[in-house]
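Survey of secondary and tertiary structure
Below, each chain spelled out in residue letters.
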Amino acid sequence: MSADAPLPFQDDPRVAQAIALLDQVVADAGRDLNDVRAADPTKVDAYRARLEEFARLRAGALYYPYLATGRGHGPYVELADGSVKLDFINGIGVHGFGHAHRAMRHCGIRAAICDTVMQGNLQQADASVDLCRRLVELARRSGAAIEHVAISTSGAMSNENALKLAFHARPGRNRLLAFERCFAGRTLVLSQLTDKAAFRVNLPTDVPIDYLPFCDASDVAGSTERTLAAMRRHVGRYPNRHAAIWFELVQGEGGYNVGERSYLHAICAEARKLGIPIVFDEVQTFGRTTRPFAFQHFGLDEYAELVTVGKITQACATLFSAAFAPGPGLISQTFTAGTWELLAAIEVLDRMAAGNLFGPEGSNARLHARFAAGLERIAERTSGAIRGPWGIGGMIALTPLEGRADQAKRLAELCFDEGLMGFVAGAEPTRLRFLPPLLAIDDAMIDRALELLERAVGRLVAEFPR
Ligand SMILES: Cc1ncc(COP(=O)(O)O)c(C=O)c1O
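None of the values given here were measured: they were computed from a predicted structure.

Near the ligand lie 13 residues; those nearest to it are Gly-155, Ala-156, Asp-281, Gln-284 and Lys-311. With respect to the ligand, the backbone of Gly-155 contributes an N or O atom lying 2.9 Å from an oxygen atom. Here an oxygen atom of the ligand sits 2.8 Å away from a polar atom, N or O, in the side chain of Gln-284.

Turning next to the nonpolar core. Counting 117 residues, the largest nonpolar core has Ile-245, Phe-247, Phe-280, Phe-295, Leu-319 and Leu-453 as the members making the most contacts within it. The element contributing the most residues to this core is helix α14 (residues 443-463), with nine residues. Looking at which domains feed residues into this core, each of domain 1 (13-106 + 359-463) and domain 2 (118-354) supplies at least three. If we ignore the near neighbours within four places in the chain, the residues touching Leu-319 are Leu-135, Ala-139, Ile-146, His-148, Val-149, Phe-293, Glu-305, Leu-306, Val-307 and Val-309. Listed in part, the 22 residues of the second largest apolar core include Leu-165, Leu-190, Ala-244 and Phe-320.

Under the criterion given, the structure shown has 13 aromatic pairs. A centroid spacing of 4.8 Å and a plane angle of 90° characterise the contact between Tyr-63 and Phe-423, whose relative ring orientation is edge-to-face. Note that Tyr-63 is positioned in the loop between α2 (44-57) and β1 (68-73) and Phe-423 in strand β18 (residues 423-425), a separation of 360 residues in sequence. Relative to Phe-416, the ring of Tyr-64 lies with its centre 4.6 Å away and its plane at 10°, an arrangement referred to as stacked. With Tyr-64 in the loop between α2 and β1 and Phe-416 in helix α13 (residues 405-418), this pair connects stretches of sequence that are 352 residues apart. Taken as a pair, Tyr-64 and Phe-416 share a single burial class, namely buried. In this structure an aromatic cluster arises from ring pairing among Phe-179, Phe-214, Phe-247, Tyr-263, Phe-280, Phe-286, Phe-293 and Phe-295. Over the face of the ring belonging to Phe-416 we find Lys-85, whose NZ or CZ atom lies 4.1 Å from the ring centre. A cation over an aromatic ring shows up here: Arg-431 above the ring of Trp-390, its NZ or CZ 3.8 Å from the ring centre.

If you trace the four strands from one edge of the open sheet to the other, you get β15-β16-β19-β18, paired in antiparallel fashion. Among the strands making up the open sheet, the edge pair consists of β15 (386-392) and β18. In this sheet, adjacent strand axes meet at a mean angle of 35° when their direction is disregarded. Alignment of β15 against strand β16 (residues 395-400), held across five bridges, turns out to be antiparallel.

Adjacent strands of a sheet pair through backbone hydrogen bonds, lying either parallel or antiparallel. Strand order in this open sheet of four strands is β1-β2-β3-β17, and the pairing throughout is mixed. Across the chains shown, the open sheet's two edge strands, defined by having one partner strand only, are β1 and β17 (420-421). Across three bridges, β1 lies against strand β2 (residues 76-79) in antiparallel orientation. Bridging across to β2, His-73 finds its partner in Tyr-76. The strands touched by α14 within the sheet are β2, β3 (84-87) and β17, with β3 carrying the most contacts at an inclination of about 110°.

So, on to the environment of Ala-100. Its location among the elements puts Ala-100 in the loop between α3 (90-93) and α4 (102-112). The spacing of Ala-100 and Gly-30 is 70 residues in sequence and 8.2 Å in space, taken between C-alpha atoms. Setting aside its immediate chain neighbours within four residues, Ala-100 contacts Val-26, Gly-72 and Arg-105.

Glancing now at the domain arrangement of the protein chain. Entries for the protein chain in the domain assignment read domain 1 (13-106 + 359-463) and domain 2 (118-354). Measuring from the centre of the C-alpha atoms in domain 1 to the corresponding centre in domain 2 gives 27 Å. Listed per partner, the contact involves 29 residues of domain 1 and 25 residues of domain 2. A buried area of about 2300 Å², summed over both sides, lies between domain 1 and domain 2, and 59% of it is on carbon and sulfur atoms. Contact with domain 2 buries surface across domain 1, with Met-104, Ile-392 and Met-395 losing the most and accounting together for 26% of the total. If you look at where domain 1 meets domain 2, you find one salt bridge. Here Glu-253 and Arg-433 are joined by a salt bridge, their closest N and O atoms 2.7 Å apart. Run the count over domain 1 and domain 2 and you get 17 residue pairs in polar contact (both at pLDDT 80 or more). Elements represented by at least two residues in the side of domain 1 that touches domain 2 include exactly α3, α4, β15, β16 and β19 (431-434).

You can see Ala-244 is positioned in strand β8 (residues 242-247). Under the relative-accessibility criterion, Ala-244 is labelled buried at 1%. Leave out the neighbours within four places in its chain, and Ala-244 touches Ala-166, Arg-175, Leu-176, Leu-177, Ile-276, Pro-277 and Val-279.

With that out of the way, let us pick up the packing of α13 against α14. Close contact between α13 and α14 brings their axes to 8 Å; oriented N to C, the two are set at 130°. Accordingly, the angle class assigned to the pair α13 and α14 is oblique. Viewed along their axes, α13 and α14 form a crossing whose handedness is right-handed. Along its contact with α13, which presents Gln-407, Arg-410, Leu-411, Leu-414, Cys-415, Asp-417 and Glu-418, the element α14 presents Leu-452, Leu-453, Arg-455, Ala-456, Val-457, Arg-459, Leu-460 and Glu-463. Here the contact of α13 with α14 is composed, by residue class, of eight nonpolar, one polar and six charged.

The next subject is the pattern of salt bridges. By the definition in use, this model includes 33 salt bridges. As a salt-bridge pair, Arg-71 and Glu-78 come within 2.8 Å of each other at their nearest N and O atoms. By relative accessible area, Arg-71 is classed as partly exposed at 25%. Glu-78 gets classed as buried once you look at its relative accessible area, which sits at 9%. With its nearest N and O atoms 3.5 Å apart, the salt bridge here joins Glu-270 to Lys-273. Taken together, the residues span about one helical turn, with Glu-270 and Lys-273 both in helix α9 (residues 261-274) at a distance of three residues. Residue classification places Glu-270 among the buried residues on the basis of a relative accessible area of 7%. Residue classification places Lys-273 among the exposed positions, given a relative accessible area of 65%. Salt bridges sharing common partners tie together Asp-4, Asp-130, Arg-133, Arg-134 and Asp-350.

About the cut-offs
- Residues numbered from 1 in each chain as written.
- Predicted model: local features only at pLDDT ≥ 70, side-chain atom pairs only at ≥ 80, totals over all residues.
- Heavy atoms only, no water.
- Near = heavy atom within 4 Å.
- Polar contact = N/O pair within 3.5 Å; in protein donor to acceptor, adjacent residues only side chain to side chain.
- Core = buried A, V, L, I, M, F, W, Y, C linked by side-chain atoms within 4.5 Å.
- Buried < 20%, exposed > 50% of the residue type's maximum accessible area, 1.4 Å probe, protein only.
- Helix = DSSP H or I, 4+ residues; strand = E, 2+ residues; numbered from the N terminus.
- Domains from an automatic or database assignment.
- Contact = heavy atoms within 4.5 Å.
- Phe/Tyr/Trp six-rings, centres within 6.5 Å; stacked < 30°, edge-to-face > 60°.
- Lys NZ or Arg CZ within 6 Å of the ring centre and 35° of its normal.
- Pairing = 2+ DSSP bridges.
- Axes fitted to C-alpha atoms, helices over the stretch in contact; angles between N-to-C directions.
- Buried area = accessible area lost by both parts, 1.4 Å probe.
- Salt bridge = Lys/Arg side-chain N within 4 Å of Asp/Glu carboxyl O.
- Parallel < 35°, antiparallel > 145°, perpendicular 65-115°, else oblique.
- Left-handed = near helix turned anticlockwise from the far one by under 90°.
- Nonpolar A, V, L, I, M, F, W, Y, C, P; charged D, E, K, R; others polar.

What follows is the structure, encoded as structure tokens:
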């Protein structure tokens, strides 16, 4: 455990003993969770009934019939029907350590003996200071002018706070620039920003969004020109009305479309010239490229002024430069993060720093290369039934068949049935994507995932003959 300030009872030997005992319990429980497993037929009916009850209670079925027992081991997770899945989506990129990892458990145990569950506006744990310092130092590592952090409860809340800071710093502006296919979260404003009409049915659209085409990797120069022209058109039509330009440097929900360095630099430079604040939404990309932040991967440090992180960081946050420091009361929350989340966030950052994730030869890049080579082999053996890969580092996607939504969804279901968990992304084409547990992955797990995927693709091809 690595918070810098001493945690309560840190040196009490009884705590160390208790942790050792609990580790033993969990290790015993997870010993047999080393591969996928089909459901136990004696549990299936009760499991279905619980899922149906849950669907009634939450007014909709879960995407996957996934109710976990709490037992897990690395990327393997046991569901309450007795099945074991190879989890390569991890709550959409949240569980960097996979399941039942001792480092995360230790954070939980340490947090459990702290006095309160939650931290918030009137009270903060000592560890909050350590988390904020780490995030700022990490963001500034290659020159970004980030100075401040607001810890928050979700990616959406971090994005909401970034927007508030941008609007606050540009009084009188009411519009935003964003990219086609972007996703920013599900608050009222973020539903407007997100380029998906289905996510804002009957909701107000009072913050006007002007969309730009995202980078087209097959024509970077042309797409740079087209995006710049669109930007100038929007800004010409509404001068001094844009409070921010919203970037996902690698589009996540939009289908794992990767920005290209020269394109991103050109658009950021234009935004800076026009005085439009730049937001890098790194809720999905953080930790997954060759650098901790994707803006560092693309060398965009000079433009990093409002940056959000979430998911794999456990606690979410908005990072910002001095120019965006808020007036009192603009940003405040009863809950900023649970104590466990704070400690877990520190642990994740420290493990990332100590590990070998980053750099051109780092484990993120190797993971991508191995997965991509496997996808190519599957494509060859199935006469091109899948295409790709898309994404970068620890974000990997493929397009099945013609990329129709029903085909991608069916492939996700077939993978689940085979024991592999991924998730769809994008529209026209819709893809299947994977977010493996970066801090708990090895080659054997990737190879196992590829085997299961290949079986699922075989079944998909049989269902959609070409
Ligand atoms: C790029 C991006 N921004 C924001 C969010 C929203 O985060 P959360 O679901 O934690 O609110 C997501 C979630 O998928 C995301 O991918």
